[in-house]
Amino acid sequence: MMLPGERHVLLQSHEEMLLRQPVTLQPGRANRPTRVATHCPYCALQCGMQISGPREQAAVTGNETFPVNKGGLCVKGWNAAELLDHPERLLHPLVRDSGGTLVPASWDEALTRVAQAFQDLQQRYGKDAVGLFGSGSLTNEKAYLLGKFARVALGTSQVDYNGRFCMASSAAASNIAFGLDRGLPFPVEDISQAEVIVLIGSNAAETMPPLMQYFEAQRTNGGKLIVIDPRTTATARNATLHLRLTPGSDAALANGLLHILARDGFLDTDYIETRTEGFAAVKASIATYWPERVERITGVPEASLVQAARMLGRAQSALILTARGGEQQSQGVNNTLAYINIALALGLVGRLYSGYGCLTGQGNGQGGREHGQKADQLPGYRKISDPAARKHVAAVWGIDEETLPTAGKSAYEMLSSLGHENGVRGLFVLGSNIAVSAPRALYVQERLRALDFLVVADFFLSETAQMADVVLPAAQWAEEEGTMTNLEGRVIRRKRAYAPPVTVRTDSEILCELAARLGKGAYFAFTSPREIFDELRRASAQGLADYSGITYQKIEGQQGVFWPCPSEDHPGTRRLFQDTFPTPSGRARFSAIRHQDPAETPDAEYPLYLTTGRLLAQYQSGTQTRRVARLREMAPHPQVEIHPTTARQYGLSNGDMAHLTTRRGSALFMVKVTTTIREDTVFVPFHWGGRQSVNRLTNPALDPTSRMPEFKV
Ligand code: SF4
């Protein structure tokens, strides 16, 4: 246990540490980097960019030498620096006073209040009364530290993160099928070489524009693109073939395609025989998915199904790429497994310029799901239920293995437990705006209000922070060091370009300081992110996501290192599964999948499907992008997209305001009449809060394996 004086010393040393970190400054011009090569704060493409100029006029340029985006950025990346000096930025801790108002406070006062509240709650209700909610936007170091903080500083099992609302279904499916989940098990450059690509539920042209250079190169090379999406998106418009399926019918569509491929003799029987297991059950299960039936379920004409299957079956190389469309459903894992079955049956996985991959969405969606901020997981993609994993990680952390908690609740299950007896009573949220991004948002807000204590670390007063008892102002992406793992599994370095304002701290500093106040400072005596990374490397050693051979220097030298990288002389692994799979038999596993209806289907009372998604100019809950002038100009508010026939039926025209209502609640949106949406479906983007929050309407029905809510149907 540290003495009060020692805590104070630690606090100071962290401030000093923050200022000591190396920044390339022009001589005599404090806080003006000559040019720092780093990465975008937003999505999983993690485009390389350079920042230059004084922070109040920081300029961003694309980094042409970074092999993923090759200099390209989208409008979000170009405008990322605007938030560094934004007038609404939080610069001081805030605490709620006796009158219920958030007022400025010192760090000492704020952190004392947090530590005290957590200790009181744990004494009264047990260790699991305090929970943590992390984010797929945290660096690897912070995600690792958060998981360790939960298990070591608080001893709680209640830790999970918003990646459950993003990539969890694909991650679970890949683990089942391949024994390993790395979003893309190959570099993005393979996209340009594939003869055929099937892209499912992704509007990459809007969400990741720099990625489209690879699709354009693929088309120039004579390649074909099949898009599966209920909407005619910008991506679908440029496809060779667009299968406009009914929301929630992915598994039927995938089974139908596999049925035709088998019927027409396109399967790779040698591959099935030598590299997979479980095909017999799949063969039996797809027998009933004849094209007429699949057309009835999916709304996709039989001729298009046959055309897609033949394109795919005849290709020498093909990629099957899924994204949130098929994954964010209560059948998300099964949908993904059904698409993986096609990749395995055609012998694509492990073949050059071929395979299955998931286009991860969140900035560190990949690394964020590998190192322990997930309820059932320890660093290195280890299972918390695995005795060998517990032993290894406990040894690295220097704790008794017996004190490691077991698996906690998944994200939505933890949120629905808030304030209930035996539920979480005190919650710490980092880098997430759950009041907007969680499904059934009104209920989640009710649960947040029922908490005894809520603390939020963020750099703006998000909708969730507005509800907090204590708000801790955090450093932004360009103000701290760390690593991120992009959608290819490439570990890259996010470099600090500016010192954060002196009154602001990094999430890592906050966690270390709080650990000290909870009497666990000895386990969190880190003086830099690099030290945290070095411990993460040891904790991940010999795990599935093995980072032990990755160093900051190596990342620099190689423009990123692909995991697994088990030793410092190992170059990293660009392509996986070429010879074997990390399953007990070394074979990939088929799964027999049956189509099931979504948790809710249209009926007389609620006659339309609702689907949700992203826009080019906004990102996630919009906490950041809604504050950027250019992005606000491009997308000032959400619109409900509705087909002209449906709009006529409801007497709606462009620009009208329409109430959308589901069994969870109502929200108000401006109408956009468009033929890009099916007649039976409406679409709303999810980047806004309050009465414009589409997550007031979404269904928290969870996938039984990934615990992913049904955002898309
Ligand atoms: Fe940033 Fe993603 Fe846009 Fe690249 S595509 S600039 S990583 S938001």
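Residues numbered from 1 in each chain as written. Predicted model: local features only at pLDDT ≥ 70, side-chain atom pairs only at ≥ 80, totals over all residues. Heavy atoms only, no water.

Glancing now at the side chain of S317. Tracing the backbone shows S317 in the loop between α13 (302-314) and β14 (318-322). Residue S317 is classed as buried on the basis of its relative accessible area, which comes to 9%. Side-chain polar atoms of S317 contact the backbone nitrogen of E195, separated by 3.0 Å. Contact partners of S317, with chain neighbours within four places excluded, come to Q193, A194, E195, V196, R351, L352, Y353 and S354. (Helix = DSSP H or I, 4+ residues; strand = E, 2+ residues; numbered from the N terminus. Buried < 20%, exposed > 50% of the residue type's maximum accessible area, 1.4 Å probe, protein only. Polar contact = N/O pair within 3.5 Å; in protein donor to acceptor, adjacent residues only side chain to side chain. Contact = heavy atoms within 4.5 Å.)

This next bit is on the pattern of salt bridges. Summed over the entire model, instances satisfying the criterion amount to 36 salt bridges. A salt bridge links K142 to D507, with the nearest nitrogen and oxygen atoms 2.9 Å apart. Highlighted residues: K142 in helix α4 (residues 140-154) and D507 in helix α20 (residues 507-517), separated in sequence by 365 residues. Residue K142 shares its accessibility class with D507, and that shared class is buried. We note a salt bridge from R310 to D264, for which the minimum N-O separation is 3.2 Å. With R310 in helix α13 and D264 in the loop between α9 (250-263) and α10 (269-275), this pair connects stretches of sequence that are 46 residues apart. Judged by relative accessible area, which is 31%, R310 ranks as partly exposed. Counted as one network, the salt bridges with shared partners bring together R55, D85, R89 and E479. (Salt bridge = Lys/Arg side-chain N within 4 Å of Asp/Glu carboxyl O.)

This brings us to the packing of aromatic side chains. Taken as a whole, this structure holds 15 aromatic pairs when the rule is applied. Ring centres of F133 and F165 lie 6.3 Å apart, and the angle between their planes is 40 degrees; on these two criteria the pair is classed as tilted. Taken together, the positions of F133 in strand β8 (residues 130-134) and F165 in the loop between β9 (159-161) and α5 (168-178) put the pair 32 residues apart, joining distant regions of the chain. Taken as a pair, F133 and F165 share a single burial class, namely buried. Ring geometry for F149 versus F524: centroids 6.1 Å apart, planes at 70 degrees, classification edge-to-face. Taken together, the residues F149 in helix α4 and F524 in the loop between α20 and α21 (529-540) connect sequence positions 375 residues apart. Ring pairing ties together the aromatic residues F178, Y356, F577 and F581, which thus form one cluster. It is R440 that lies over the ring of Y443; its NZ or CZ is 4.0 Å from the centre. Over the ring of W107 we find R505, and its NZ or CZ is 4.4 Å from the ring centre. (Phe/Tyr/Trp six-rings, centres within 6.5 Å; stacked < 30°, edge-to-face > 60°. Lys NZ or Arg CZ within 6 Å of the ring centre and 35° of its normal.)

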